[in-house]
Amino acid sequence: MTAPDLFARQRRRLHRDRAATDFARADFLHRYMLEGIEERLHAVTRSFSDVLDLGCADAAFTPPPGTRVARFDPGFAFARGAHGVQGDEDRLPFADGAFDLVVSVGVLDSVNDLPGALTLIRRTLRPDGLFLAAFTGGRTLATLRQSLLAAEPDRPAARVHPQIDLRSAGDLLVRAGFALPVADSETLSVRYAGLGRLVDDLRGMGATGLLEPAPLGRTGLMATAAAFAERADADGRTTEQFEVIYLTGWAPAPSQPQPARRGSATASLADTLRPR
């Protein structure tokens, strides 16, 4: 029996299509993630030939010189604008070993089957191919979540989609079969004059309405806005945070460093720790 989708796939596509019409207005989080990806990529000394830009949005990612790039996005408008392919990350249409670099920015937090998507990404990589990803983590929108809870203390609904924490993200890399996995995070803080400005940014990113809860209603919206405003600083601005999780993993290859065989140590830990 197939488990139901957590995120409505069609709704996710439509919201990304809506965001594509004026993406530059609210692309600050995407640009922030992209800068982090590019910093990590620049630290890699090996060369690449075939790149997959997974969740390409406005195709702002610039692949390394001399490479061929394929663009892929869950939204039709973004994919069409980037001359790429539209689809879902947990249903990738690419052949095994098609790429030696896969970069994903800002989409993996809203994939229905993230473990499956990571496994497919690893399979599309050639041996010793590199995977770099950035997406929002579990500490994102903490102020909004608190405000919604304050507005609906008796009947809270899941109005912000669940997100993965840092430790789980690293575990998923291992589960998907990546070698040398690394997961780290950064936090971007943004100050807002009111709830409406935050919602405008989320809508501009295509990050609203991924779940299907009961309508918040005018009364609930006003209560949420008031709770959000109560958390403002002396300048009348409320700080919201976006946690960005970065993932780095390699497709396994014989040339990579391997962990030592269990029981092969030549020194005793007890001897090392014994006072001298």
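Each remark here, short or long, concerns the structure printed above.
The following paragraphs examine the structure supplied in this document. (Residues numbered from 1 in each chain as written. Predicted model: local features only at pLDDT ≥ 70, side-chain atom pairs only at ≥ 80, totals over all residues. Heavy atoms only, no water.)

## Looking at the overall build of the protein
Phase 1 of the analysis: Counting secondary structure elements, the protein contains 9 helices and 7 strands.
Phase 2 of the analysis: Considering the protein as a whole, with its 276 residues, one finds that 45% of them fall into the buried category.
Phase 3 of the analysis: Counting only contacts in the protein whose residues sit at least 6 apart along the sequence, the fraction spanning at least 24 positions is 78%.
Phase 4 of the analysis: Carbon and sulfur atoms make up 53% of the accessible area of the protein, which amounts to about 14500 Å² in all. (Helix = DSSP H or I, 4+ residues; strand = E, 2+ residues; numbered from the N terminus. Buried < 20%, exposed > 50% of the residue type's maximum accessible area, 1.4 Å probe, protein only. Contact = heavy atoms within 4.5 Å. Areas by Shrake-Rupley, 256 points an atom, 1.4 Å probe, with all protein chains shown as cover.)

## Here we look at the packing of helix α4 (residues 114-124) against helix α6 (residues 166-175)
Phase 1 of the analysis: In contact at an axis separation of 9 Å, α4 and α6 are set at 50° when each is read in the N-to-C sense. Put simply, α4 runs oblique to α6. Where α4 crosses over α6, the two elements pack in a sense that is right-handed. Listed contacts from α6 to L114, P115 and L118 of α4 are L172, L173 and R175.
Phase 2 of the analysis: Taken together, the residues that form the contact of α4 with α6 break down as 5 nonpolar, no polar and 1 charged. (Axes fitted to C-alpha atoms, helices over the stretch in contact; angles between N-to-C directions. Parallel < 35°, antiparallel > 145°, perpendicular 65-115°, else oblique. Left-handed = near helix turned anticlockwise from the far one by under 90°. Nonpolar A, V, L, I, M, F, W, Y, C, P; charged D, E, K, R; others polar.)

## Observations regarding the packing of aromatic side chains
Phase 1 of the analysis: In total, this model carries 5 aromatic pairs according to the counting rule given.
Phase 2 of the analysis: Summarising the aromatic geometry, the rings of F28 and F242 are spaced 6.0 Å apart at their centres and angled 80° between planes, so their arrangement reads as edge-to-face. Here the residue F28 occupies a position in helix α2 (residues 28-42), and F242 occupies one in strand β7 (residues 238-250), the gap between them amounting to 214 residues.
Phase 3 of the analysis: Note on F242: relative accessible area 2%, which makes it buried.
Phase 4 of the analysis: With a centroid separation of 5.3 Å and an interplanar angle of 80°, the aromatic rings of F94 and F99 are classed as edge-to-face.
Phase 5 of the analysis: Taken together, the aromatic side chains of F72, F94 and F99 make up a single cluster linked through ring pairs.
Phase 6 of the analysis: Cation over ring: R40 sits above Y246, and NZ or CZ is 3.7 Å from the ring centre. (Phe/Tyr/Trp six-rings, centres within 6.5 Å; stacked < 30°, edge-to-face > 60°. Lys NZ or Arg CZ within 6 Å of the ring centre and 35° of its normal.)

## Some remarks on the sheet that holds strand β4 (residues 99-105)
Phase 1 of the analysis: Taken in spatial order, the 7 strands make up an open sheet running β3-β2-β1-β4-β5-β7-β6, and their pairing is mixed. Only two strands of the sheet have a single partner each, and these edge strands are β3 (85-86) and β6 (179-192).
Phase 2 of the analysis: Taken together, the 6 bridges between β4 and strand β5 (residues 125-136) define a ladder with parallel strand orientation. Across the sheet, L101 pairs through a bridge with L130, a residue of β5. (Pairing = 2+ DSSP bridges.)

## Structural notes on the environment of S185
Phase 1 of the analysis: You can see S185 is positioned in strand β6.
Phase 2 of the analysis: Judged by its relative accessible area of 26%, S185 falls in the partly exposed class.
Phase 3 of the analysis: For the pair S185 and L166, spaced 19 residues apart in sequence, the C-alpha to C-alpha distance is 7.1 Å.

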